Amino acid sequence: MIRTASIPTIGPIKVFCGNANRGMAKNVATHLNLELGDTEVGKFSDGETKVVVNETVRGADVFIVQSTSPPANDNLMELLIMIDAMRRSSAGRITAVIPYYGYARQDRRARSHDPISAKLVADMITSAGANRILTMDLHCPQIQGFFNIPLDHLKGVYLFADYFQSKAGLGDSLEDVVVVSPDLGSVARCQGFADILEVPLAIVDKRRHNDKKVEMAHFIGNVKGKYAILLDDVLATGGSLCNAARTVMEHGAKAVFACVTHPILCGDAVENIVKSPIEEIVTLDTIELSPEKRADKIKVLSVAKYVGEAINCIHNNQSIGELFRTMGG
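Residues numbered from 1 in each chain as written. Predicted model: local features only at pLDDT ≥ 70, side-chain atom pairs only at ≥ 80, totals over all residues. Heavy atoms only, no water.

A look at empty space enclosed by the protein
Move 1: In this structure the tally under the stated criterion is 2 cavities of 30 Å³ or more.
Move 2: In this structure, the largest cavity occupies an estimated 40 Å³ of space.
Move 3: If you go around the largest cavity, the residues you meet are Val97, Ile98, Pro99, Leu134, Thr135, Met136, Leu154, Thr286, Val303 and Val307.
Move 4: Looking at the lining of the largest cavity, the elements that each hand over two or more residues are strand E5 (93–98) and strand E6 (132–136). (1 Å grid on protein atoms, 1.4 Å probe; cavity = no way out; pocket = protein on both sides within 12 Å on 5 of 7 lines; lining within 4 Å. Points joined across faces, edges and corners; volume = space filled by probe spheres on them. Helix = DSSP H or I, 4+ residues; strand = E, 2+ residues; numbered from the N terminus.)

Put into structure tokens, the structure is as follows:
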């Protein structure tokens with residue numbers, strides 16, 4: 001008799017998290033009608049990361065929700081050690097759900113001797129034992145090619161589009177709205193957003209002289225008398241976005257709003273936003289905001305339902321592209 005290898009069966013979904021996105025991870029689990037997995041993630045007395053898994057994961061379809069946001073190194077180590085713990089506990093499949101993928105801005109050698117840290121982090125996650133990746137709005141979409149395992153890339157523009165399509169104060173339609181790219185590197189992302197909303201696109205040509213000096217060199221498009229919506233993937237200090245907002249207002253915009261997927265908000269970011277002409281910044285909870293990083297101008301949308309639906313698609317071997325289409329993509 002010829003023996004054939006048995007095909008492993010993926011068990012039920014189990015959702016775990018580190019300390020980076022605990023609130024959002026709990027909401028994802030709730031959307032899936034699950035309890036968040038029982039783990040203890042902390043530190044030993046010497047500062048090393050400690051992970052204890054308090055339930056069986058043998059054969060389970062494990063999803064670990066953890067952004068590698070600041071403190072990036074601590075959150076990255078939590079993710080790596082949790083993946084390793086699940087692998088050694090015989091999980092059926094391990095998906096690293098990384099709403100914000102840190103080190104993504106180091107995706108190429110801009111100068112001699114520069115590291116390509118985004119690739120290094122991809123290798124570390126794969127070596128730890130992840131079987132696939134679920135992430136959102138990578139700073140550079142080509143980072144998907146740094147992984148030799150399946151990667152699903154969610155897009156925040158669908159959530160922003162839903163928000164602005166139902167937002168009061170923009171008129172009965174979006175005919176007075178213009179999407180504005182804050183720099184040339186964001187044009188493709190902003191064009192996709194403009195296409196969903198079926199509105200025109202304008203571009204601010206930003207010239208960066210060094211880490212601290214940015215010049216708004218040219219403006220392409222027409223925003224006079226329009227509601228302008230700036231779109232970017234990451235908000236760090238907010239300097240570039242606020243300068244772009246001032247440029248838009250100088251060109252006659254009626255009002256300016258902004259959408260940013262990942263609210264890092266470091267340094268004087270909140271103060272810069274409050275003092276800027278931006279009426280409202282809409283962001284996602286891919287990075288958990290501490291109380292001191294909140295302001296009346298900052299509106300946070302939950303990605304829990306979106307991520308939960310993507311997890312369902314992965315578990316049931318369904319197309320994530322189909323999920324985009326149901327959201328208007």
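Some words on the packing of aromatic side chains
Move 1: Scanning the model with the defined rule gives 3 aromatic pairs in all.
Move 2: Summarising the aromatic geometry, the rings of Tyr163 and Phe164 are spaced 5.2 Å apart at their centres and angled 90° between planes, so their arrangement reads as edge-to-face.
Move 3: Overall, Tyr163 belongs to the buried group, its relative accessible area being 16%.
Move 4: A relative accessible area of 0% places Phe164 in the buried class.
Move 5: Measuring from centroid to centroid gives 6.0 Å for Phe164 and Phe257, while their planes differ by 70°, and the two rings are edge-to-face. Linking Phe164 in helix H4 (residues 157–165) with Phe257 in strand E12 (residues 255–263), this pair joins segments that are 93 residues apart in sequence. For the pair shown, Phe164 and Phe257 are each scored as buried.
Move 6: Counting every residue linked through ring pairs, the aromatic cluster contains Tyr163, Phe164 and Phe257. (Phe/Tyr/Trp six-rings, centres within 6.5 Å; stacked < 30°, edge-to-face > 60°. Buried < 20%, exposed > 50% of the residue type's maximum accessible area, 1.4 Å probe, protein only.)

These figures come from the coordinates and say nothing about function on their own.
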